[in-house]
There are 2 protein chains.
Amino acid sequence: MPVFKAPLRDMRFVLDDVFQAEQLWARLPALSEHVSRDVVDAILEEAAKINENLIFPLNRSGDEEGAQFNAGEVTTPKGFKEAFREYGDGGWIGLGADPRWGGAGMPKMVTVMTEEILFAANPSFALYPLLGIGAALAMAHHAGDELNERYLPKIYSGEWSGTMCLTEPHAGTDLGIIKTKAVPEADGSYSITGTKIFITGGEHDLASNIVHLVLAKLPDAPAGSKGISLFLVPKFLVNEDGSVGERNPVSAGNIEHKMGIKASATCVMNFDGAKGWLVGEINQGLAAMFVMMNYERLSMGLQGIGASEVAYQNAAQYAKDRMQGRSGTGAKQPEKAADSILVHPDVRRMLLNVRAHNEAGRCFAMYVSKYLDLAKYSEDEAEKAAAADRVALMTPVAKAFLTDKAFEACVEAQQVFGGHGFIREWGMEQLVRDTRIAQIYEGTNGVQAMDLVGRKLVRNRGAYVYEYLDEVRALIAQTQSTPELATFAKATADAVERIAEVTAWITDAAARNADEVNAAAVDFLHAFGLLTYAHMWLMMAQASVDKNDGFYQDKLVVARFFFSRMLPQLYSRVDSINAGSDVLMELQPASF
Amino acid sequence: MPVFKAPLRDMRFVLDDVFQAEQLWARLPALSEHVSRDVVDAILEEAAKINENLIFPLNRSGDEEGAQFNAGEVTTPKGFKEAFREYGDGGWIGLGADPRWGGAGMPKMVTVMTEEILFAANPSFALYPLLGIGAALAMAHHAGDELNERYLPKIYSGEWSGTMCLTEPHAGTDLGIIKTKAVPEADGSYSITGTKIFITGGEHDLASNIVHLVLAKLPDAPAGSKGISLFLVPKFLVNEDGSVGERNPVSAGNIEHKMGIKASATCVMNFDGAKGWLVGEINQGLAAMFVMMNYERLSMGLQGIGASEVAYQNAAQYAKDRMQGRSGTGAKQPEKAADSILVHPDVRRMLLNVRAHNEAGRCFAMYVSKYLDLAKYSEDEAEKAAAADRVALMTPVAKAFLTDKAFEACVEAQQVFGGHGFIREWGMEQLVRDTRIAQIYEGTNGVQAMDLVGRKLVRNRGAYVYEYLDEVRALIAQTQSTPELATFAKATADAVERIAEVTAWITDAAARNADEVNAAAVDFLHAFGLLTYAHMWLMMAQASVDKNDGFYQDKLVVARFFFSRMLPQLYSRVDSINAGSDVLMELQPASF
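Predicted model only: the values in this text are computed from it and were never measured.

With that settled, the discussion passes to the overall build of chain A. Helix and strand counts for chain A come out as 20 helices and eleven strands. For 592 residues, the compact-globule estimate of 2.2 N^0.38 gives 25 Å, and the C-alpha radius of gyration of chain A, at 24 Å, lies within 12% of that figure.

Structure, rendered in structure tokens:
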């Protein structure tokens, strides 16, 4: 059975040494009164406890049992109901929510850590509260006080839960062609009819009501994505006094049988003239939903980091325990029949690949969170706007690059186990299966890359990228004369210039041929992601260089590994981009 | 449900246009009489039929049902028994075997294709006959006529099956520390006692007897790998008349619950004073077993290619059928609500990644097979010896590079399906799960890389590599002045020189520090693998350039994709190697 300890030491390093979070909180009036290092430390300790002791132990059994469907009802695996109750009662669902609706008002720089711990412990379980948080967030922005007062406190307490209903059998990425209909009723509500698929937590036994946010089209709506509205459709109608009333005609037709996250119920949802209420403006549903989706996209990155953290912890332990073969440079444990496999450079290479990604990814998630908090809480309008731009640039990177690297990391950690990695009881193969979905849902990683290169890069002729590169250049200038940091700074500087060149190349190429955007997308996302990791490692090294403690010295060792053995992949990605789109478009459709 | 058509057109291209197999067969006396293009064509047609119609349809159901264990007995999924019988009766198990033991004597260049088709159809099923073939091969080389006459014809007919029993709970890669004991008996047999794990097909209901080849140690054997002997241990003892007699005390204690290949029974085998017979010489067991393992290592590469061929066929079809979004350059199917996703360059990039690997990998497997056949059948001693060296160099590449790329390919093809790729019924996630094992078993891919760089490269100071590079240089010289091939030849030449440099670098570095071998291993395997793919694509392009048919012109298109968008990865691999082992060895064990 796998083990998991929340990486609190590393989280505190990122929070304190790299980002000096307390100084940031102190200067933001919306946070300064209730957010302090002591409060946050207590939250982290409690998050570690509930996740390590209550939620993580349900991860393997949840995979074996899976969510079960029977005649419209979904049964979650043993222990999920009690754990969800305790999680809700502990205030975890509302940790980052507005105190007005019962939340604790913690910044993203805090919830980014508790979410990573939750995803590490049990990604299937994590999705139940997470979807509620996402739905509540979209509502808080768009639903108006009457709906919010009625629904949000119960979602944040875990009494009720939430979903997002976007995808239809014929329409996933392309929501413009959805068919679900919303017909206005005399009482101001709408009658919703249609079928949605891939609805996470669409039906389950964890909460007494489920609040669906549903994309649908009015009868006279314009074609395409400009004709989509968002509706709130509860499983049970809510009485005037806030109690649960009669059943609304919305039900699960089935659940999917999946590769992983088997304890998460992925439902086919049938809306059969269900009563719904408009959220936000008519035909502005996509924009309202995107509030939720951007939030969830960073969360998917955290799912990745959480999984690869567990993968690392177990693979490192296995490598230390497993006695096989001898070191190439002579026996290291001559008193035993074999050395531990940690003597083999290739085993270390695999472990360091995973670790260099985990630590950079965790730092990067905090980096994005810092800008999310500035975009929300800063009182300096210029700082706020710049932060929002940085979030816009980095959200697809946080979703796609972190999950692509996390999947690779889980596969690599599984490989450390040899044959045992393929056996279910060790838990490594579950990490691989569960993490695979993070590359797919909430917009596939290809769609994220298209968002990055199309909307964020080409549409403003590289401005977001160039602003970011200036930030990295400033750090390079600060670090390049420190002897221990000079080679890292130089490697980062080379990467910055290569990204600057290819950003210009893509901008020009796209102006000549729109296909160049999508042809470059995934390779650019990976090249750019590697640059952000270089940036994070340079920051982490800077924060460690003058400290003698072994923890900090290890950061410099892993940084050396990253810069010399991982960063070079950036250059082959750029070479692929420079090959352009023609080699992709040449083959006739019939030849595929 | 996924579909599969055996890629006969592409196989014939490799056989005829690239390798002119018939000319080769004609000049080898051992093959010239019974192997012709007509015979081989008939075999390919029949292989396509039985695999597409009988064995492939059992792949999804076999995954859902799995092999079942109950009180020492293993039940295979519905249909496996009948299919195994038909497969055996059709002569498929003995296709490449010596006619003396009932085989058809077909060269490896033929069985490489039928095995790919079988693995594509159903990898779990494939392992049952395959292990028998491997065991029989080791026996044919080492067991002597008496044992062979008794056992081989029944293995080749599928009446009985075979296993290889190497791994023990504490000993996988490092077989020198196995504990299974063999005690000589008065009648010349041995009494075998011990526990073996991960025994593919150790118990099942497909055959009336199971012949285990077991590694064990005599009481007075030297320590380590020099003290290992090989024994034949049948499930049922065989009577003088060849009929099945009393049960031998060898039994399955359990089967493993695995990530994939769930219909293949992976058994814990308990030998409790079971009667066994020595195969080969005392203490020479590893050498005898390696005959079998080298054979199986190429087969694992074929498992990879088979899976990624199925992945490609289904992903390409899905991409053509799925209507989502619009081309960046304007609607291509304006009469419909959306274009097919094949208009998106990134979807094509994924498909072409898979296809460029499949076609190069298939060609490479044939290339290795050609040398296997020359090493076995050539009557020119120099040619025979050179071919054996080439096989030695390429076997780890065929096992590890083909399966690493195949796993990536299956993941990429799954990604084309978006959310549907994660759903079991589409079959794509099964391809990912089933293919993952090919990177692990028969020696992990890390162990293969160590074999390549340690035994094959460093031990003879690069000679095998340099001889191979000369072969590639000769092809470059032949092709570089042909206008359509010049850029391919130039890219291949650059790759050759880079591999030559890094081969010299590794040889020198290893002389100073033995850890450099393992530190370079996996990156070198991938860089070298990419060079072999470049070599294959240059050969395939040369074979296609003067032909007008669309099939051949498509080869040139995919070649352009390979050289411009995949080959550049070679350079970042070399950069990682040049970073050396220090960055891997620096971290203290306690810091992992």
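The operation relating chain B to chain A is a screw motion whose rotation component is 180 degrees, with 0.0 Å of axial translation and a residual RMSD of 0.0 Å. As the rotation angle and translation indicate, the two copies are arranged about a two-fold axis. Every residue of chain B has its C-alpha some distance from the rotation axis, and the shortest such distance is that of Ser572 of chain B, at 3.0 Å. A shared binding surface is used by both copies, with 100% of the interface residues of chain B retained as interface residues in chain A.

By the secondary structure assignment, Ala337 of chain B is in the loop between α10 (285–321) and α11 (345–377). On the basis of neighbour counts, which here come to 16 C-beta atoms within 10 Å, the residue Ala337 of chain B falls in the partly exposed class.

Our focus in this paragraph is the packing of helix α16 (residues 483–512) of chain A against helix α17 (residues 515–544) of chain A. Residue and element names in this part refer to chain A. One can describe the packing of α16 onto α17 by two numbers: an axis separation of 10 Å at closest approach and a directional angle of 160 degrees. When the axis of α16 is compared with that of α17, the two are roughly antiparallel. α17 is crossed by α16, and the crossing has left-handed handedness. Here the contact of α16 with α17 is built from residues that sort into 21 nonpolar, three polar and one charged.

Each partner contributes to the interface: chain B provides 74 residues, whereas chain A provides 74 residues. Those elements that provide at least two residues to the side of chain B that touches chain A are α10, α11, α13 (428–436), α14 (445–457), α17 (515–544), α18 (550–566), α19 (569–578) and α20 (582–585) of chain B. Broken down by element, the side of chain B that touches chain A gets its largest block of residues, seven residues, from α18 of chain B. Tallied by class, residues from the side of chain B that touches chain A come to 33 nonpolar, 24 polar and 17 charged.

So, about helix α9 (residues 145–157) of chain B. Residues and elements named next belong to chain B. Spanning 13 residues, α9 covers 18 Å between terminal C-alpha atoms, matching the ideal 18 Å at 1.5 Å per step. The sharpest bend along α9 comes to roughly 35 degrees, located at Tyr151, with the proline Pro153 sitting one to four residues further on. Buried within α9 we find Asn148, Tyr151, Leu152, Lys154, Ile155 and Tyr156. One or two positions beyond α9, positive phi appears at Gly158, with a value near 85 degrees.

All right, on to the packing of helix α12 (residues 381–416) of chain B against α14 of chain B then. A pair of packed helices is captured by two measures, namely the crossing angle of their axes and the spacing between those axes. Residue and element names in this part refer to chain B. Contact geometry for α12 and α14: axes closest at 9 Å, N-to-C directions at 155 degrees. Taken together, the axes of α12 and α14 lie roughly antiparallel to each other. Of the two possible hands of crossing, α12 and α14 adopt the one that is left-handed. Residues Ala392, Leu393, Pro396, Val397, Lys399, Ala400, Thr403 and Asp404 of α12 lie in contact with α14, whose contacting residues are Asn445, Gln448, Ala449, Asp451, Leu452 and Lys456. When its residues are assigned to classes, the contact of α12 with α14 shows seven nonpolar, three polar and four charged.

All names here are of chain A. With four bridges connecting them, strand β4 (residues 181–184) and strand β5 (residues 190–200) associate as antiparallel partners. Pairing of Val183 across the sheet is with Ser191, part of β5. The antiparallel pairing of β4 with β5 creates a hairpin that spans five residues between the two strands, and Gly188 there sits at a positive phi of about 90 degrees.

On to helix α4 (residues 37–55) of chain A. All names here are of chain A. Under the 1.5 Å per step criterion, the end-to-end length of α4 is 25 Å for 19 residues, consistent within 8% with the ideal 27 Å. Among all positions of α4, only Val40, Ile43, Ala47, Ala48, Asn51 and Ile55 are buried. In a view along the axis of α4, the buried residues occupy a sector of 135 degrees, so they form one face of it. Looking at α4, the residues exposed on the side facing more than 90 degrees away from the buried face are Asp38, Ala42, Glu45, Lys49 and Asn53. Next to the buried residues of α4 lie α1 (8–18), α5 (58–65), α6 (80–89), α7 (108–121) and α8 (123–142).

Moving on: the environment of Ile437 of chain A. Looking at the secondary structure, you find Ile437 of chain A in the loop between α13 (428–436) and α14 (445–457). Here the alpha-carbon distance between Ile437 of chain A and Gly144 of chain A, two residues 293 residues apart in the chain, equals 33 Å. When neighbours within four sequence positions are excluded, Ile437 of chain A is seen to be in contact with Gly260 and Ile261 of chain A together with Phe422 of chain B.

Residue and element names in this part refer to chain B. When you line up the elements, Glu484 lands in helix α16 (residues 483–512). For the pair Glu484 and Gln542, spaced 58 residues apart in the sequence, the C-alpha separation amounts to 9.0 Å. Those residues within four positions of Glu484 in sequence are excluded, and the remaining contacts are Val545 and Leu556.

Another point: unusual backbone geometry. Although it is not a glycine, Ala71 of chain A sits at a positive phi angle of roughly 50 degrees. With respect to the helices, strands and loops of the structure, Ala71 of chain A is situated in the loop between β1 (68–70) and β2 (73–75).

Phe524 and Trp537 of chain A together with Phe524 and Trp537 of chain B are the most contacted members of the largest nonpolar core, which totals 418 residues. With residues near it in sequence (within four places) discarded, Phe524 of chain A still touches Ala449, Leu452, Val453, Val502, Ile506 and Ile577 of chain A.

Of the residues in chain A, 100% have a pLDDT of 70 or more, and the chain-wide mean is 97. Of the two predicted TM-score estimates for the complex, the pTM is 0.98 and the ipTM is 0.97.

Calculation notes
Residues numbered from 1 in each chain as written. Chains lettered and ligands numbered in written order. Predicted model: local features only at pLDDT ≥ 70, side-chain atom pairs only at ≥ 80, totals over all residues. Helix = DSSP H or I, 4+ residues; strand = E, 2+ residues; numbered from the N terminus. Rg over C-alpha atoms; globule rule 2.2 N^0.38 Å. Least-squares fit on C-alpha atoms with pLDDT ≥ 70 in both. Contact = placed C-beta atoms within 7 Å. Buried ≥ 20, exposed ≤ 12 C-beta atoms within 10 Å, placed from the backbone. Axes fitted to C-alpha atoms, helices over the stretch in contact; angles between N-to-C directions. Parallel < 35°, antiparallel > 145°, perpendicular 65-115°, else oblique. Left-handed = near helix turned anticlockwise from the far one by under 90°. Nonpolar A, V, L, I, M, F, W, Y, C, P; charged D, E, K, R; others polar. Expected span 1.5 Å × (residues − 1). Bend = angle between axes of the 7 residues up to and from the residue. Pairing = 2+ DSSP bridges. Arc of directions from axis to C-beta. Core = buried A, V, L, I, M, F, W, Y, C linked by C-beta atoms within 7 Å. pLDDT = per-residue confidence, 0-100.

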